[in-house]
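Here are the chains, one letter per residue:
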Amino acid sequence: MISDRDLDLRLRESKRARALRLIVRPEGVELVLPRHVGESEARHFLDRHRVWAYQKLEDIRRRSGGLKPSCLPLTGGAFVPFQGVATELIVVEGVRRPLHRRLDGAFEIHLPGGAPEQEAVEIRHALYRWVAVWMRTEVSLLIDRFSPLEGLQPRQIRIKAMKTRWGSLGPKNDMNLNWLLAFTPPEVLAYVVIHEICHIRFRNHSKDYWDLVALHDPAWPERRSWLKQHGSALLARFG
Ligand SMILES: [Zn+2]
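Residues numbered from 1 in each chain as written. Predicted model: local features only at pLDDT ≥ 70, side-chain atom pairs only at ≥ 80, totals over all residues. Heavy atoms only, no water.

Enquirer: Can you walk me through the side chain of Asn-178 in this structure?
Expert: Examined against the element boundaries, Asn-178 turns out to sit in strand β10 (residues 174–178). At 3.0 Å, the side chain of Asn-178 and the backbone nitrogen of Leu-180 are in polar contact. Not counting residues up to four positions away in its chain, the partners in contact with Asn-178 are Met-135, Lys-160, Met-162, Arg-165, Trp-166 and Leu-235. (Helix = DSSP H or I, 4+ residues; strand = E, 2+ residues; numbered from the N terminus. Polar contact = N/O pair within 3.5 Å; in protein donor to acceptor, adjacent residues only side chain to side chain. Contact = heavy atoms within 4.5 Å.)

Below, the structure is given as structure tokens:
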């Protein structure tokens, strides 16, 4: 059975569309939903065309030089690994509205529609803005939790798009964190915060340094190997 994931399925609700439609691009298959169509009808339609869509997707990807979706810019309907959990990102065609998180957990953004490349850029920016606000709160809570243990307090937190690093600590104890930590499991984000907090005392990776890290998070080697194993894929997709 070909799953939605195999198709890199993306749903687009459209006010203008008259009928259900599948669009196949190298980054995945898009199912266009007119307003009047219900979910079961849409599912039924998709199931009938699943094999066709998959073959066409394979074919297009082969012809586009074997580009994998992970190398392509972020598009709507994709799954965003928010806090390590696949979370749907829904693009609604219409009057522009900022990205928000729905009660069911999915991200939703309203865009007027247009070229997919342009849209991908807009979605990425919107996601970045949302994550920067979310992460600031999240990291403040982590610092409140872990700083008192050894009295190590960063001067300020900066959320940034960094190409190669997860975090760093400036000479005045300003903590820089990669926004992509929003897409790692929560304990990995906590580990990077702890890692930088501990650099306030030791500006190196000595045995004393790692002992201090272990005091806050005894399972730190697991977090580190998670980043080694999955980090580059995240950086390649979103970085
Ligand atoms: Zn370090």
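Now that the structure has been shown, the text picks up again.
Enquirer: What is the right way to read the pairing of strand β2 (residues 21–25) from this model?
Expert: Working note: regular strand, side chains alternate between the two faces of the sheet. Of the two faces of β2, only the one carrying Leu-22 and Val-24 is buried; Arg-21, Ile-23 and Arg-25 on the other face are not. In terms of strand pairing, β2 meets strand β3 (residues 28–34) through five bridges, oriented antiparallel. The partner of Ile-23 across the bridge, within β3, is Glu-30. (Buried < 20%, exposed > 50% of the residue type's maximum accessible area, 1.4 Å probe, protein only. Pairing = 2+ DSSP bridges.)

Enquirer: What should I look at first to understand the pattern of salt bridges in this one?
Expert: Taken as a whole and assessed by the stated rule, the structure comprises 17 salt bridges. When the shortest N-O distance is used, the salt bridge between Arg-10 and Glu-30 registers 2.9 Å. On the criterion of sequence distance, the pair formed by Arg-10 in strand β1 (residues 10–14) and Glu-30 in strand β3 is long-range, its members being 20 residues apart. According to the relative accessible area criterion, Arg-10 is buried, its value standing at 5%. In this structure, the salt-bridge partner of Glu-108 is Arg-102, at a minimum N-O distance of 2.7 Å. Given the relative accessible area of 27%, Arg-102 is considered partly exposed. Within this structure, Arg-10, Arg-12, Arg-16, Glu-30, Glu-93 and Glu-119 form a network of salt bridges that share partners. (Salt bridge = Lys/Arg side-chain N within 4 Å of Asp/Glu carboxyl O.)

Read these as layout, nothing more, since geometry by itself doesn't imply function.
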